[in-house]
Amino acid sequence: MPPSMSTTETHPTQTAIRGDKDTFLSEDNPFEAMMSRFDRAADLLHLDAGLYSVLRHPEKQVIVSVPVQRDNGNVEVFTGYRVLYSTVRGPGKGGIRFAPNVTLDEVKALAAWMTWKCAVVNIPFGGSKGGVICDPDTFSNAELERLTRRYTSAIMETLGPDSDVPAPDINTNERVMAWIMDTYSMHKRHTVTAVVTGKPIEMGGSLGRREATGRGSTIAVREALRRREIPIHGARVAIQGFGNVGSIAAKHLEREGCSIIAVSDVSGALYDKRGLDVEDLLAWVRNHRFLSGYPKAEAVTEHELLTAECEVLVPAAVENVITSKNAADIRAKIICEGANGPTTANADRILDEKDIYVVPDILANAGGVTVSYFEWVQDRGGYFWDLETVNQRLESIMVRSFDEVATMAERHNVNLRTAAYMLSIERVAAVHRLRGLYA
Ligand code: NAD
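Residues numbered from 1 in each chain as written. Predicted model: local features only at pLDDT ≥ 70, side-chain atom pairs only at ≥ 80, totals over all residues. Heavy atoms only, no water.

Chemist: Please provide a residue-by-residue account of the overall build of the protein, values included.
Modeler: Counting its secondary structure elements, the protein contains 14 helices and 12 strands. Dimensions of the protein, computed from the C-alpha atoms along their principal axes, are close to 60 × 60 × 45 Å. Expressed as a percentage of its 439 residues, the buried residues of the protein come to 59%. Carbon and sulfur atoms make up 50% of the accessible area of the protein, which totals about 18500 Å². (Helix = DSSP H or I, 4+ residues; strand = E, 2+ residues; numbered from the N terminus. Buried < 20%, exposed > 50% of the residue type's maximum accessible area, 1.4 Å probe, protein only. Areas by Shrake-Rupley, 256 points an atom, 1.4 Å probe, with all protein chains shown as cover.)

Chemist: Describe helix α13 (residues 387-412), with residues and values.
Modeler: A rise of 1.5 Å per residue sets the reference length of α13, with its 26 residues, at 38 Å; its end C-alpha atoms lie 38 Å apart and thus fit the reference within 8%. Those residues of α13 that sit buried are Val390, Asn391, Leu394, Ile397, Met398, Ser401, Phe402, Val405, Ala406, Met408 and Ala409. Here the buried face of α13 lies against α3 (104-120), α6 (209-227), β12 (357-359), α11 (361-364), α12 (367-381) and α14 (416-435). Count one or two residues on from α13 and you reach asparagine 413, which has phi positive near 55°. (Expected span 1.5 Å × (residues − 1). Contact = heavy atoms within 4.5 Å.)

Chemist: I'd like a description of the pattern of salt bridges, backed by residues and values.
Modeler: Counted according to the given criterion, the structure contains 35 salt bridges. Close ionic contact of arginine 380 with aspartate 162 constitutes a salt bridge, the shortest N to O distance being 3.0 Å. Taken together, the residues span a long stretch of sequence, with arginine 380 in helix α12 and aspartate 162 in the loop between α4 (141-154) and β5 (164-168) at a distance of 218 residues. Judged by relative accessible area, aspartate 162 falls into the exposed class, the value being 59%. Residues arginine 417 and aspartate 361 are paired through a salt bridge, measuring 3.9 Å at the closest nitrogen-oxygen approach. You can see arginine 417 sitting in helix α14 and its partner aspartate 361 sitting in helix α11, a full 56 residues away along the chain. Each member of the pair arginine 417 and aspartate 361 is classed as buried. Residues joined in a network through salt bridges with shared partners are Arg222, Glu223, Arg226, Arg227, Glu395 and Asp403. (Salt bridge = Lys/Arg side-chain N within 4 Å of Asp/Glu carboxyl O.)

Chemist: Hey, could you go over the site of the ligand for me, with residue numbers and the actual values?
Modeler: Within the structure, the ligand sits among 21 residues, and Thr213, Asn244, Val245, Val266 and Asn340 are positioned closest to it. The backbone of valine 245 places a nitrogen or oxygen atom 2.9 Å from an oxygen atom of the ligand. Protein contact buries 73% of the 820 Å² of open area that the ligand shows by itself. For the shell around the ligand, the secondary structure elements donating two or more residues are α6, α7 (244-255) and β7 (259-265). Taken together, the residues that form the shell around the ligand break down as seven nonpolar, nine polar and five charged. (Near = heavy atom within 4 Å. Polar contact = N/O pair within 3.5 Å; in protein donor to acceptor, adjacent residues only side chain to side chain. Nonpolar A, V, L, I, M, F, W, Y, C, P; charged D, E, K, R; others polar.)

Chemist: An account of the packing of α6 against α13 is needed here, citing residue identities and associated values.
Modeler: Across the interface, α6 lies against α13 with an axial gap of 10 Å and an inter-helix angle of 45°. By the criterion of interaxial angle, the relationship of α6 to α13 is oblique. Crossing of α6 over α13 shows right-handed handedness. Between α6, through Ala212, Arg215, Gly216, Ile219, Ala220, Arg222, Glu223, Ala224, Arg226 and Arg227, and α13, the contact on the second element is made entirely by Asn391, Leu394, Glu395, Met398, Val399, Phe402, Asp403 and Ala406. Taken together, the residues of the contact of α6 with α13 break down into nine nonpolar, two polar and seven charged. (Axes fitted to C-alpha atoms, helices over the stretch in contact; angles between N-to-C directions. Parallel < 35°, antiparallel > 145°, perpendicular 65-115°, else oblique. Left-handed = near helix turned anticlockwise from the far one by under 90°.)

Chemist: Summarise a nonpolar patch on the surface; cite the residues concerned and give the values.
Modeler: Taken together, the side chains of Ile201, Leu207 and Leu387 define a hydrophobic patch exposed on the protein surface, amounting to about 240 Å² of accessible area. Among the secondary structure elements, leucine 387 is positioned in helix α13. On the basis of relative accessible area, leucine 387 is assigned to the partly exposed category, the value being 41%. (Patch = residues over 30% accessible without salt bridge, like charges linked within 9 Å, V, L, I, M, F, W, Y side chains within 5 Å.)

Chemist: Pulling in residues and values, what's your account of the sheet that holds strand β8 (residues 268-271)?
Modeler: Judged by pairing direction, the sheet is mixed, and its seven strands sit side by side in the order β9-β8-β7-β6-β10-β11-β12 without closing on themselves. In this open sheet, the two edge strands, each paired with only one partner strand, are β9 (298-300) and β12. Each strand of the sheet is rotated relative to its neighbour by a mean of 20°, with strand direction disregarded. Here three bridges tie β8 to β9, and the two strands are oriented antiparallel to one another. In the sheet register, alanine 269 faces β9, and the bridge partner there is valine 300. Across the sheet, α6 touches β10 (312-315), β11 (334-336) and β12, and the angle it forms with β11 is around 160°. (Pairing = 2+ DSSP bridges.)

Chemist: I'd like to hear about the pairing of β10, residue by residue, with values.
Modeler: Of the two faces of β10, the one lined by Val312 and Val314 and the one lined by Leu313 and Pro315 are each fully buried. One ladder, built from four bridges, connects strand β6 (residues 236-240) with β10; its direction is parallel. Opposite glutamine 240, over in β10, you have proline 315 as the bridge partner. As defined by bridge partners, β10 adjoins β11 across two bridges and the pair is classed as parallel. Each bridged residue has a counterpart across the sheet, and for leucine 313 the counterpart in β11 is isoleucine 335.

Chemist: Could you give an account of the sheet that holds strand β2 (residues 75-86), naming the residues involved and the relevant values?
Modeler: Taking strand neighbours across the sheet as the criterion, the five strands line up as β1-β2-β4-β3-β5 in an open arrangement whose pairing is mixed. Each having just a single partner strand, β1 (60-69) and β5 make up the two edges of the open sheet. Direction aside, neighbouring strands of the sheet carry axes that sit 25° apart on average. Contacting β1, β2, β3 (92-99) and β4 (127-133), α4 crosses the sheet at an angle of about 145° to β1.

Chemist: If you had to explain the side chain of arginine 417 to someone new, which residues and values would you point to?
Modeler: Looking at arginine 417, the relative accessible area reads 4%, which means it is buried. Discounting residues that sit within four places of it in the chain, arginine 417 has contacts with Arg37, Glu337, Thr343, Asp348, Val358, Pro360 and Asp361.

Chemist: I'd like a description of unusual backbone geometry, backed by residues and values.
Modeler: Positive phi is not limited to glycine here, since asparagine 320 has a value of about 55°. Following the sequence through the fold, asparagine 320 ends up in the loop between β10 and β11. In this structure asparagine 320 comes out as partly exposed when scored by relative accessible area, which is 23%. With a phi close to 55°, asparagine 413 is a non-glycine residue in the positive phi region.

This is the structure:
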């Protein structure tokens, strides 16, 4: 075992500076966004050089070609990825996305984020992520099934309840998880429900999974407001994104007494300073698919939504929306990151200067993976919990994790994001030290 992996070393003297930093310069490169936060936390923790190197490299990166026969008989080949960033604390856990702009850097960053996220909420998973470069809008249902099954069989060696457990992400859903579970089970010659989470309830999914991320983000907003001594009743909230995370957060925050003054989706943004009626918006989207055209609110720009005067801003759509270009204009007192990576590292500094309290993604949206963990536990135990049990356990993990991150932040005089990274890196590093380096 080299000295840097010693199981007894608690305060190593040598910290490492990333040698290849110049390779990742763009503000919106997701791997850079992850790595610059990681670097800061690793420095504050005086992480020794050996562990630093281990933790900044993904354990395994799989690139596969996925041939699919289209309905017209033509065969097209798509590129797919699966990255296992770390499995030191348990099986890799992370979603699969189907999108035209998937890149290996993005999948690596997302797999790393999953590693830190699972460690922040202290569930026994590592981090992984997958993706296929494709435009699923151009696929029929049958083509999507063929793509999913062929991709699953291509990454079969990494998958398994004890090694790597996917979940839905952008453009994948319960239906896709059911195909993955079936393909894996056919290869194993028996039904393996715990190989994916986010499945339909009928085949081993968990009650409460669909609402879990929005519910968890609501708990994070409540805890942040409490710490900033802002009453939740009447707190004005702007939410970017009105899909799974954004719309459910809107519903729960409204129930808690907040006033949802702005929401947006890919079609545009809506504003009403007296507060929008979330149930009415949900009904509109059910009938019209998008928010645009909703007649009972003012249409505003995305910039106006992000910079609206409010207590809480919840970015719950896509990456890189709060950047060095707009951070100075943000007027919210709290930002609760429902999406993964909505804020760039350059924007962090500006938000800090403005004393905006940012609840980072790896804490704020960890409700989803927490209930995925519950699903995996229930599948393996073959014993299913009622909704109240799921929600109570989610609540207690979110509140405890928020407390632990806030305590870390106070102890080291850092913001919540740096504290969350420090807490999670410390937890992953501790297991590395205990396990030692297999030579
Ligand atoms: P979704 O597809 O259900 O919803 C995304 C929403 O964002 C849609 O309303 C879409 O119209 C909107 N949107 C897309 N581009 C936009 C833009 N440029 N401006 C404004 N709105 C835009 O996705 P989701 O599951 O709600 O995920 C949202 C984010 O939360 C993603 O970053 C995802 O990785 C993250 N997340 C999701 C979960 C989960 O359990 N669903 C868990 C953790 C993190």
